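Breakdown of the fold
So you can see what is in the structure, the chains are spelled out below.
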Amino acid sequence: MTTTLKTMNNFEEIAAREEEFQLATYKKFPFAPVRGEGSWVETSEGERFLDLYGGHAVCATGHCHPRVVEAVREQAGRLLFYSNVVYSDVRAVAAERLVGCAPAGLTKAFFCNSGTEANENAMRMARMKTGRERVITFTGGFHGRTADSISATFLGKYRELGRPNVPGHLCAEFGSVESVAALADETVAAVMLEPIQSMAGVTLAPPEFYRDLRRLCDERGMLLVFDEVQTGIGRTGSWFFAGSEAAGGVVPDVVTLAKALGSGVPVGACLTTEAVASGIRENDLGTTFGGGMLAMAAVAATLEAIEADKMLENALAVESFLRQSLGRVPGVAGVRGRGLLLGVEFAEAVAGRVQKSLLERHIITGTSSDPKVLRLLPPLCLTKGEASTFVEALVDALKEVGD
C-alpha cells in the first residue's frame, strides 16, 4: 500500500521514507516540522522549536502568516497557473507592489523560480546590454548551483561541484575595488556581488566600497548587480540593501531576489532599470513557471504583511536588542551583519558545536564557512522576548562547549 501523510505517524517513518526515495541533499536536522506559526515550528513528535534560521532565510513573514495563507488559498481556488503567454491580474499587482518597494530607478521586474535562476538571468541581461561576456564576482560569494551561477561562486568548493564551469568568470577580492579594477577590461559585462556575504560568515564591506564599485562600473561600461537573494525583502531592516545607508546609497543596475519574496512559495525575481529593460525584446528571456499565479499571490501578500505588521521597524529594533544582549555574553567576540541577517562571532571556532547545543535546547540556527560564526536568519516578526530566549540558551550552550 502506498504511504500517505495520514499513515506516517512518527519521525522515524518519515525519515526512513525520505532516505529510501530521495537523493541526498543537505545534512538534515533530526526532526520533521509539520506545522508552524510565527517564529516557531512544531515537529511530528509534538515538540516546538524556535526557528532562527527560517529554512535558509525564506520565512521572513513567519511561518504561515495568515495574510499569505489566505492569499494563496484564495488564488488556488481561482486559478492555480497560467504562463507568461497571458496577462494576469495577480501578476500585475505583484509586479507593481514589488517595484513600489524598490529604490528609485529600478522600475521593471522579471519573475522566475529561484535565486540561482534570478542570477543567471541577471548575468544574461548584462551580457545582452553590453555585448560583452565576462563577469566579475568575489571571494566568499555564493550565487547558486545552476551552471552559470555556480561558476560565479568562489566560496569553498562549489565551483568544483559545478565542473565543467561556464567560461568567462573572474574573481576579485571582496572589499577591494583595486582588485576589481585590475580585472575590469573591455570584455567584462558586469560586476555581481552579495552585498552581505551570508554563507561566508556574514561579511560586510564599508559603504565606500559600494560607492567606488558604482563609480568604476560607470566609468568602464559595466553593469553592477546586487545579489539580494538573502539581503532583500526586509531582511536588513530596509526593503533592500540597495539604496540603503550601509550601501552608501548605491543603486545597482540589477537586483536579484528570491528566498523571502514568497514567504515559502518558490519564486525569484530580477529588478532592473529602464536603460537595461529597453534592450530586452520578446523571447530574449523566458520561463514556464516564473510569474505563476500562485507565486504572485504569495509575493503580493508577503509585501503587504511586512508593511502592515511593521516588520522592517521590528527587524531593526530586534537587531539593536540582540547586539546589546549578545555584547554581554562571555565568549561572543562580536555581531556582524544588518537587521535580521546576523552573524554571531565567537572568540573560538565553536560555531558548529554551539549550533548542535542550541538544537538540543530546541533553537534552530545556521552555521557558515567561518567556524567562528553562527548565522541568524529568523522571521522578521521575531519578538524581543523570543530573542531573549535565544540569548539565554546561548549562554548555557557556550558554557557547555567550553567545559
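Details of the structure are given in the entry above.
Residues numbered from 1 in each chain as written. Predicted model: local features only at pLDDT ≥ 70, side-chain atom pairs only at ≥ 80, totals over all residues. Heavy atoms only, no water.

**Digging into the sheet that holds strand β11 (residues 254–257)**
The sheet built from seven strands is open, its strands ordered β4-β12-β11-β10-β7-β5-β6 with mixed pairing. The sheet is open, and its two borders are formed by β4 (108–112) and β6 (169–172), each paired with just one other strand. Neighbour-to-neighbour, the strand axes of this sheet turn through a mean angle of 20°, independent of strand direction. Where strand β10 (residues 223–227) lies against β11, three bridges are found, and the strand directions are parallel. Each bridged residue has a counterpart across the sheet, and for D227 the counterpart in β11 is T256. (Pairing = 2+ DSSP bridges. Helix = DSSP H or I, 4+ residues; strand = E, 2+ residues; numbered from the N terminus. Axes fitted to C-alpha atoms, helices over the stretch in contact; angles between N-to-C directions.)

**Brief notes about the sheet that holds strand β16 (residues 373–376)**
If you walk across this open sheet you meet the three strands as β13-β14-β16, and the pairing is antiparallel. Pairing within the sheet leaves two strands with one partner each, and these edge strands are β13 (332–338) and β16. Sheet twist, expressed as the average angle between the axes of neighbouring strands with direction ignored, equals 20°. As defined by bridge partners, β13 adjoins strand β14 (residues 341–346) across six bridges and the pair is classed as antiparallel. Paired with G337 across the bridge in β14 is L342. Helix α12 (residues 311–326) contacts β13 and β14 of the sheet and is inclined by roughly 165° relative to β13. (Contact = heavy atoms within 4.5 Å.)

**What about the pattern of salt bridges?**
Per the counting criterion, the structure on display carries 18 salt bridges. Between R73 and E70 there is a salt bridge, and its shortest N-O distance comes to 3.4 Å. Of this pair, R73 and E70 both sit in helix α3 (residues 66–78), three residues apart, which is roughly one turn of that helix. Salt-bridge contacts for R214 lead to D218; the nearest nitrogen and oxygen are separated by 2.9 Å. Linking R214 with D218, this pair stays in helix α9 (residues 207–220), spanning four residues, or about one helical turn. (Salt bridge = Lys/Arg side-chain N within 4 Å of Asp/Glu carboxyl O.)

**With respect to the side chain of Q75**
Here Q75 lies in helix α3. Discounting chain neighbours no more than four positions away, the residues touching Q75 are L80, V90, M293, L294 and A297.

**Notes on the packing of aromatic side chains**
Counted under the stated rule, the structure contains 11 aromatic pairs. Each ring, one from F209 and one from Y210, has its centre 5.4 Å from the other, and the planes form 65°; the classification is edge-to-face. In terms of burial, F209 and Y210 fall into one category: buried. Three or more aromatic residues joined by ring pairs make a cluster, and in this case those are F138, F174, F209, Y210, F226 and F241. (Phe/Tyr/Trp six-rings, centres within 6.5 Å; stacked < 30°, edge-to-face > 60°. Buried < 20%, exposed > 50% of the residue type's maximum accessible area, 1.4 Å probe, protein only.)

**A word on unusual backbone geometry**
The amide bond that connects R163 to the next residue, P164, takes the cis arrangement and shows omega of 0°. Looking at the element boundaries, P164 is found in the loop between α7 (158–161) and β6. At S263, a position not held by glycine, the phi torsion is positive, near 60°. Structurally, S263 can be placed in the loop between β11 and β12 (268–272). A relative accessible area of 14% means that S263 is categorised as buried.

**Regarding α9**
End to end, α9 covers 20 Å across 14 residues, agreeing with the expected 20 Å (1.5 Å per residue, within 8%). Among all positions of α9, only F209, Y210, L213, R214, L216 and C217 are buried. For α9, the angular spread of buried residues about the axis comes to 170°, placing them on one side. Relative to its buried face, α9 has exposed residues pointing more than 90 degrees away, namely D218 and E219. Where α9 is buried, its residues meet β5 (134–138), α8 (177–183), β7 (188–193), β9 (203–204) and β10. G221, located one to two residues past α9, shows a positive phi value of around 70°. (Expected span 1.5 Å × (residues − 1). Arc of directions from axis to C-beta.)

**Comments concerning the nonpolar core**
Of all hydrophobic cores here, the largest spans 94 residues; its most connected members are F240 and F390. For F390, the contacting residues outside a window of four places in its chain are L50, L52, L322, L326, L358, I363, T365, L374 and L376. Core analysis: the next-biggest nonpolar cluster, separate from the first, contains 18 residues, A189, A190, L223 and V254 among them. (Core = buried A, V, L, I, M, F, W, Y, C linked by side-chain atoms within 4.5 Å.)

**Things to note about a nonpolar patch on the surface**
There is a patch of nonpolar side chains on the surface, built from L79, Y82 and V85 and spanning about 320 Å² of accessible area. Tracing the sequence through the fold places V85 in the loop between α3 and α4 (89–101). (Patch = residues over 30% accessible without salt bridge, like charges linked within 9 Å, V, L, I, M, F, W, Y side chains within 5 Å. Areas by Shrake-Rupley, 256 points an atom, 1.4 Å probe, with all protein chains shown as cover.)

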